[in-house]
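Reading the structure
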Amino acid sequence: MNRLQSASGAMAFPGTARRYDGLAIFFHWAVFLLIAAAYAAIELKGFAGKGTPARSLTMAAHEGAGVLVLALAVPRLLWRLVRGAPAAEPGPRWMQRAGGAMHWVLYLFIVAQPVLGLLALNAGGHVLALPALGIEIPALVGPDQALKNQVKEIHETLGTAFYLVIGLHAMAALFHHYMLGDNTLRRMWRR
Ligand code: HEM
Ligand code: HEM
């Protein structure tokens with residue numbers, strides 16, 4: 001039997017105790033793809049002329065991908081609270097703490113950012129329809145121009161700031177993999 005001796009002396013099966021479970025891995029990479037799609041769509045929108053079908057399409061893609069992030073982020077967060085996470089890879093304590101704090105900041109972002117987007121849309125007097133799924137998301141608030149301006153500004157500032165935060169998170173993962181040579185990326189990649 002292929003078994004490992006852990007640092008504490010206890011026997012552990014490789015590929016189980018120190019890894020994320022399949023659902024956590026699915027949530028992580030599905031949310032990553034949807035966030036990449038939301039960012040790509042809003043960037044592409046900048047290239048489309050005002051009032052063109054391309055502009056409506058890119059905005060609809062941004063809102064659709066964004067709201068699907070929320071649809072996955074909520075069960076993902078609940079799953080994380082129920083299941084917990086594998087213990088951090090061995091390393092300096094500050095690095096483990098920084099990684100842990102960064103993860104909670106990212107969880108907050110994947111829930112708050114789509115909610116802010118929805119609020120901005122609803123306060124602007126629109127509701128989000130998802131024709132592909134045949135549903136309409138009920139408005140969270142009624143039309144309110146002042147609220148719309150405030151929330152939109154926060155949504156845009158957070159959206160810009162998180163290019164950097166997500167970039168740092170991804171760089172940290174690659175640093176662990178290629179420079180420290182530990183298991184951090186592998187355990188979030190596949191079971
Ligand atoms: C995690 C999901 C989301 C991310 C990462 C995100 C990110 C962004 C970014 C980066 C911008 C552009 C900021 C700028 O121009 O400086 C933006 C704009 C905007 N987003 Fe989102 N967003 C998300 C979800 C949503 C959702 C769910 C909605 C609405 C249902 C939404 C509605 C909007 C609106 C109305 C704008 C302003 C567009 C404009 O007037 O140019 N977003 N978002
Ligand atoms: C939209 C982009 C991303 C978001 C919102 C995000 C979010 C998160 C969150 C919340 C966790 C904590 C998981 C938990 O403990 O429950 C996590 C872990 C992780 N992420 Fe990301 N992530 C993103 C992109 C990436 C990318 C691009 C990479 C790789 C290049 C990556 C690699 C990892 C790895 C390796 C872990 C596990 C860390 C550990 O075991 O301590 N993530 N991510």
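All values derive from a computational prediction rather than experimental measurement.

**Here's the deal with the site of ligand 2**
Around ligand 2, 20 residues are found, and the nearest of them are His28, Arg80, Tyr107, His169 and Arg187. Within the side chain of tyrosine 107, one N or O atom sits 2.5 Å away from an oxygen atom of ligand 2. Between ligand 2 and arginine 187 there is a distance of 2.7 Å, counted from an oxygen atom to a side-chain nitrogen or oxygen. Elements represented by at least two residues in the shell around ligand 2 include exactly helix H1 (22-45), helix H2 (53-83), helix H3 (93-123) and helix H4 (145-180). Looking at the shell around ligand 2 residue by residue, the classes come out as 13 nonpolar, four polar and three charged.

**Quick word on the coordination of the iron atom of ligand 1**
Protein coordination at the iron atom of ligand 1 comes from His62 (NE2) and His155 (NE2), with a distance range of 2.0 Å. Of note is the iron atom of ligand 1, whose six donor atoms meet at the metal with angles of 88 to 179° in an arrangement that counts as octahedral. Pair noted here: histidine 62 is in helix H2 and histidine 155 is in helix H4, with a separation of 93 residues, a long-range link. Of the two residues, histidine 62 and histidine 155, both sit in the buried class.

**Focus: the confidence of the model for the chain**
Per-residue pLDDT for the chain averages 91, and the proportion of residues at 70 or more is 91%. Every residue in residues 1-17 scores below 50 in pLDDT, and together they form 15 contacts with partners more than four places removed in sequence or on other chains.

**Topic: the UniProt feature "domain: Cytochrome b561 bacterial/Ni-hydrogenase" (unreviewed entry) in the chain**
As annotated in UniProt, the feature "domain: Cytochrome b561 bacterial/Ni-hydrogenase" (unreviewed entry) corresponds to residues 19-190 in the numbering used here. Here residues 19-190 runs as 71% helix and 3% strand, with 9 Å between its end C-alpha atoms.

**Regarding a nonpolar patch on the surface**
A surface patch of nonpolar side chains, amounting to about 560 Å² of accessible area, comprises Leu174, Phe175, Tyr178, Met179 and Leu180. Of note, leucine 180 is situated in helix H4. Under the relative-accessibility criterion, leucine 180 is labelled partly exposed at 41%.

**Here's the deal with the site of ligand 1**
Surrounding ligand 1, one finds 21 residues, the nearest of these being Lys45, His62, Gly117, Lys152 and His155. Between ligand 1 and the protein, one listed contact pairs an oxygen atom with a side-chain N or O atom of lysine 152 at 3.2 Å. When grouped by side-chain class, the residues that make up the shell around ligand 1 number 10 nonpolar, seven polar and four charged.

**Details of the side chain of histidine 28**
Position of histidine 28 relative to the elements: it lies in helix H1. Apart from residues lying up to four places away in sequence, histidine 28 is in contact with Arg76, His169 and Met188.

**Comments concerning the packing of aromatic side chains**
A complete count under the given rule lists six aromatic pairs for this structure. Here tryptophan 104 and tyrosine 107 contribute two aromatic rings whose centre-to-centre distance is 5.3 Å and whose plane-to-plane angle is 40°, an arrangement assigned as tilted. Of this pair, tryptophan 104 and tyrosine 107 both sit in helix H3, three residues apart, which is roughly one turn of the helix. The exposure class of tyrosine 107 is buried, given its relative accessible area of 11%. Grouping aromatic residues by their ring pairs yields a cluster made of Trp29, Phe32 and Trp189.

**Concerning the coordination of the iron atom of ligand 2**
Metal coordination angles in their ideal form are 109.5 degrees for the four-donor tetrahedron and 90 or 180 degrees for the six-donor octahedron. At this site the iron atom of ligand 2 is bound by His28 (NE2) and His169 (NE2), with donor distances of 2.0 Å. A relative accessible area of 14% places histidine 28 in the buried class. Histidine 169 gets classed as partly exposed once you look at its relative accessible area, which sits at 22%.

What counts as what
Residues numbered from 1 in each chain as written. Chains lettered and ligands numbered in written order. Predicted model: local features only at pLDDT ≥ 70, side-chain atom pairs only at ≥ 80, totals over all residues. Heavy atoms only, no water. Near = heavy atom within 4 Å. Polar contact = N/O pair within 3.5 Å; in protein donor to acceptor, adjacent residues only side chain to side chain. Helix = DSSP H or I, 4+ residues; strand = E, 2+ residues; numbered from the N terminus. Nonpolar A, V, L, I, M, F, W, Y, C, P; charged D, E, K, R; others polar. Donors = N, O, S within 2.8 Å, 3.2 Å for Na, K, Ca; no water. Tetrahedral: all angles 85-135°; square planar, octahedral: opposite > 155°, others 65-115°. Buried < 20%, exposed > 50% of the residue type's maximum accessible area, 1.4 Å probe, protein only. pLDDT = per-residue confidence, 0-100. Contact = heavy atoms within 4.5 Å. UniProt positions renumbered as here; feature names shortened; annotations may be inferred. Patch = residues over 30% accessible without salt bridge, like charges linked within 9 Å, V, L, I, M, F, W, Y side chains within 5 Å. Areas by Shrake-Rupley, 256 points an atom, 1.4 Å probe, with all protein chains shown as cover. Salt bridge = Lys/Arg side-chain N within 4 Å of Asp/Glu carboxyl O. Phe/Tyr/Trp six-rings, centres within 6.5 Å; stacked < 30°, edge-to-face > 60°.

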